[in-house]
Each structure stands twice: as C-alpha cells, then as structure tokens.
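Single-letter residue listing:
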Amino acid sequence: MNPRFGRRSFFAGGLWAALAWVSLTCFGARPYQPIRGDPMVEPWRWRAYLELSGLDAQCMTAGAGGTLWFGLSDGVASYDGIEWKRHLEGGVLGGTVNTVCAESDGTLYAGGWWGISQINGGQWTRLIPALGNRFADIRRLTLAPDGSLWAATSWGALRRQESMWTLYTDAATAARLRQDPRNQILRLELYPEAMLAKSRTGSQPANRSDLNEVCADRQGRIWFGTRGGEVICHTPASAASEGGWALYNESDGLVSGRSPAILPLQDGTVWVVPAPSEQASVFDGNAWRTIPLPAPGVAPDGGRLLQTRDGVIWLSSRYILFAYRDGQWQTY
C-alpha cells in the first residue's frame, strides 16, 4: 500500500464525516421557514371600479352567488362580477343606506334613517315602517343563526322573527313610542333594571338604547355597541339572570371610547375597538384584556373589523388598513 495514498484516504474520510456531523447538528435543528410575499403590496392584484365614483358608498356585503351589494347615499348598487346595477326604488329605500346584510337564499336587507327594506326575487318591499312614516335611525343590520334579523337603532335593539317586530329599549323610550299609534307594529320589551342602573367610571354618556353596532357570534349571542362606547351582550331564550342581558364598560376592563366596532372571531373571542383608540379590547368569555394598536390607531370617526378565512383580522380606519397576523400588526 502506498502510505501517502492511505493518509489522503483517511483525511478525506474524516473530512466528510465532520461535514456530515456539522450538517446534522447545526442545520438540521432549524426548520426551514419560507418567506412569503405580501399580496397587499403587489399592484397587479388591485383594481379600481369607477362605477362607484361619486356615489358615496357607506357599506357593503357579499350576497348569494358572490354578488356584491353596496349601500350608497342614494339607494343600493349591486355587482355580480359582470354587470353593475343601480337600485333607487323611490320611497322603498328612502335615501342614504347605512347598512346592508344578505341571506343565503338571495334576500338582501337594507336600512337607514327611513327604516328597513328588502329585495327578494328582484322585488323591493318596505318592511318597517309604512311609507311616509318616520322611524328610528337604523345604524347596522345582522342575521342571527336562528334566522332572526337584528338591527342596532337609535331607539334600541330591534328584532324581527318571522312577522314579529320586538324592540328592546328603556322605559322612557318605550313610554314615548306608546303614545304614537303608528308604532303599534312594535312589541316593546324593557331592558333589565340592573343593566340600566350600572354606573360608568368615564365621562361618556350611558344611553343604552342609542346603538351603533350589532353582530352575532356562532353561539347565537347578539352583541351591541352603544354610541357611548359600552357593549351589550344578549343571549336569546336564556334562562340566566337578567333575562340573558349583560352590559360591559370601563369597570369591566373595556377600553373607553365611542361607537365601538365589534367582531366575534373564529376562536370564540370577541374584539371591540372604540373610536378614537390606540387599543383593542378582547373578551375570552370570562374577562377582558387589551392589546395595543399600531400608530396612529383608530380615528375619531371610527373603524370597521373583519376576519378573513385565513384567520387574519383586518381593521380599517381613516386612510389606513391594519392587518393582525400571527400576533403581529401590519400597517397599510
């Protein structure tokens, strides 16, 4: 055997063994983390629709078949992916549409200061009140898992189940409404006294019938936001004390503010963001905690919340969009 050849073979074998050991111990312990591009900053993904220019869009929702519905300062617009259509319908809609929501069968509900109307099978119908009658300001609409329609109004929490309209409100508002025979269509129910008597630690008003927000979670609970910044939770058909009503404010750890946006998440928690605010409140079913919002936070005119199927939480504010992914905020 050539001794020089043997020494080179031994050296080469030892080198390969050392490299293999380094590879296994140093690189194998760190899993590969792919770096994904951000689709929000890719220009080719964006498209402007000139059909809404100058129409002062107030709200939107997705209906049956993917049709998009927009509430405008004058009526409603729809877009099915091919054709845009305006829906003015005279007094049936009545002017500015503050809120829209859609059922899976294609029925769309629209609300504003003039009341609530629906379109089904291409036919618009005024639901409440009768044409020409003044009604509460309808700020937000939502559909509950049991099929009932809920509205956040300036008079309180309005519920439509089948053909029955029920308004949950305070005693003073109920007494005033009973004096007008045009309100006989409403079944009036009073909030629990304990809920109305709960004190506030901040300077915001405690009018629990002046609502700006409503949404339903997967458990069937209905969440309301008051213009004074408080949060009301109602569990229909509850046998709990106070008839299934609960009120939350600063004394419970809720962030102080006005006209909160509320969003029940996929994991069962509930997010609340008031205006203006640099914090969000999160309810886990037992207690409230806060998480900071990135600067400049939510503007005085408020924001809106949305969670997409990938779990990302979106918060819109004036000229700014925030995204909460994997415990981190991204600002656009």
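The structure we're discussing is the one just above.
The rules behind each value
Residues numbered from 1 in each chain as written. Predicted model: local features only at pLDDT ≥ 70, side-chain atom pairs only at ≥ 80, totals over all residues. Heavy atoms only, no water. Helix = DSSP H or I, 4+ residues; strand = E, 2+ residues; numbered from the N terminus. Buried < 20%, exposed > 50% of the residue type's maximum accessible area, 1.4 Å probe, protein only. Polar contact = N/O pair within 3.5 Å; in protein donor to acceptor, adjacent residues only side chain to side chain. Salt bridge = Lys/Arg side-chain N within 4 Å of Asp/Glu carboxyl O.

Caption draft 1: Layout of the side chain of Thr-99. Position of Thr-99 relative to the elements: it lies in strand 5 (residues 99–102). Judged by its relative accessible area of 2%, Thr-99 is buried. Among the polar contacts listed, one links the side chain of Thr-99 to the backbone nitrogen of Leu-141, at a separation of 3.0 Å.

Caption draft 2: Quick look at the pattern of salt bridges. Applying the stated criterion across every chain yields a total of 14 salt bridges. Here Glu-42 makes a salt bridge to Arg-45, at a shortest N to O gap of 2.5 Å. Here Glu-42 falls in the partly exposed class, since its relative accessible area comes to 23%. Given the relative accessible area of 48%, Arg-45 is considered partly exposed. Measuring nitrogen to oxygen at the nearest pair gives 2.7 Å for the salt bridge that ties Arg-221 to Asp-217. Looking at Arg-221, the relative accessible area reads 19%, which means it is buried. Judged by its relative accessible area of 5%, Asp-217 falls in the buried class.

Caption draft 3: Region of the structure containing unusual backbone geometry. Cis geometry marks the peptide bond from Ala-275 to Pro-276; its omega dihedral reads -15 degrees. Mapped onto the fold, Pro-276 is located in the loop between strand 19 (270–275) and strand 20 (279–283). Note that the residue after Ala-295, namely Pro-296, is joined by a cis bond; omega there is 5 degrees. Here Pro-296 is to be found in the loop between strand 21 (288–292) and strand 22 (304–307). Unlike most non-glycine residues, Ser-259 shows phi in positive territory, near 40 degrees. Relative to the helices and strands, Ser-259 is located in strand 18 (residues 258–264).

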